[in-house]
Amino acid sequence: MILRADAPPQASVRRFGRSQKWVHRATAALMGVCVVTAACLYIPQFAELVGRRELVVRIHEWAGLALPVPVLAGLASRAFRADLGFLNRFGPHDRVWLRAALHRDKRRSSRPAGKFNAGQKVYASWIAGATLVMLGTGLLMWFTHLTPIQWRTSATFVHDWLALTIGIVLAGHIGMALGDPEARRGLRTGSVSREWAEREHPLWRP
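Notes on the structure in this doc start here. Since the structure is predicted, the reported quantities are computational estimates derived from the model, not experimental observations.

What follows covers the overall build of the protein. Each helix and strand counted, the protein has ten helices and two strands in total. Reading the secondary structure of the protein in the N-to-C direction produces β-α-α-α-α-α-α-α-α-α-β-α. Over its C-alpha atoms, taken along the principal directions, the protein stretches across nearly 80 × 45 × 35 Å. Taken across its 206 residues, the protein has 31% of its residues classed as buried. Within the protein, contacts between residues at least 6 apart in sequence are counted, and of these 68% link residues at least 24 apart. Of the roughly 13,700 Å² that the protein leaves accessible, carbon and sulfur atoms contribute 66%. Averaged over its 28 positive side-chain charges, the protein has a centre that lies 5 Å from the centre of its 13 negative ones.

Structure, rendered in structure tokens:
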């Protein structure tokens, strides 16, 4: 009798721990609530379907207020703080990556990356800053009696247009994630294949 040896399982490496996965999921859930409720407040067709505008406003306000909480709670984790350090550190290879992206150079050799590539770093910085601006302008709109009307009008203008921009950027972020099943697996299970890690993040040493 001939025994057929099974193919060896693909080697995997640990990319994210429990804290990073929890922060990402909680932040994504709160951001999703903010986007959906904002759509119900600003798009008439959605507003007619949902109704109960006052309830939608309250859910939107509290979800927005809670948006920074997962990140603040995640600071208790050493692994999460280490990832924030990686995201906040720009090196020469990141400039090479961005230059290749701007010139649409898709060769792997032209896009060196550590644990996070330059695009992910730019996105993380931008969305963090945008969230803080949305929180600040939202508070000005919420507590109307604390500020003059000129401030509230300006806050409303910034809040509305930045919300539209965030929606577009988030759609791009989700589209990129849908195009990379291995990256989604990393955030879902915490592990990725070694072959993917060496191909997409050659400077990362897990």
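As a further point, take helix α3 (residues 53-66). Between its first and last C-alpha atoms α3 spans 20 Å; for 14 residues at 1.5 Å apiece the expected length is 20 Å, and the two agree. Buried residues of α3: V56, V57, H60, E61 and A63, and no others. Along its buried surface, α3 packs onto α1 (18-42), α2 (44-50), α7 (118-142) and α8 (149-178).

Next up on the list: the environment of G172. Structurally, the position occupied by G172 is in helix α8. In the structure, G172 is positioned 127 residues away from Q45 in sequence and 24 Å away in space, judged by C-alpha atoms.

What follows is about the packing of aromatic side chains. Evaluation of the coordinates by the stated rule reveals four aromatic pairs. An angle of 85° between the planes, with centres 5.4 Å apart, marks the rings of W62 and W142 as edge-to-face. Taken as a pair, W62 in helix α3 and W142 in helix α7 lie far apart in primary sequence, 80 residues in all. Assessed through its relative accessible area of 23%, W142 is described here as partly exposed. Taken together, the aromatic side chains of W62, W142 and F143 make up a single cluster linked through ring pairs. If you follow R15 out to its NZ or CZ, it ends over the ring of W204, 5.0 Å from the centre.

How each quantity is defined
Along every chain, residues carry numbers that run from 1 in the direction the sequence is written. In view of the model being predicted, local features appear only for residues whose pLDDT reaches at least 70, and side-chain atom pairs are presented and counted only at 80 or more, with totals across whole chains, interfaces and linings using the full set of residues. Side-chain metrics in this entry use all non-hydrogen atoms of the structure; hydrogen atoms and water are not considered. Secondary structure elements follow DSSP: runs of H or I no shorter than four residues count as helices, runs of E no shorter than two count as strands, and numbering proceeds from the N terminus. Note on classification: 1.4 Å probe, protein chains only; a residue is buried when its accessible area is under 20% of the maximum for its type, exposed when over 50%, partly exposed between these limits. In this analysis, two residues are considered to be in contact whenever any of their non-hydrogen atoms come within 4.5 Å of each other. To be clear on the numbers: accessible area is Shrake-Rupley with a 1.4 Å probe, and residue cover counts the displayed protein chains and nothing else. Lys and Arg are tallied as positive, Asp and Glu as negative. Neither His nor the chain termini are counted. Taken as the charge location is NZ of Lys, CZ of Arg, CG of Asp or CD of Glu. In this analysis, the expected span of each helix is defined as 1.5 Å times one less than the number of residues it contains. In this scheme Phe, Tyr and Trp rings, the latter by its six-membered ring, pair at centre separations within 6.5 Å, and the angle between planes marks the pair as stacked below 30 degrees, edge-to-face above 60, and tilted otherwise. The criterion for a charge sitting over a ring is simple: Lys NZ or Arg CZ within 6 Å of the ring centre, and within 35 degrees of the ring normal.

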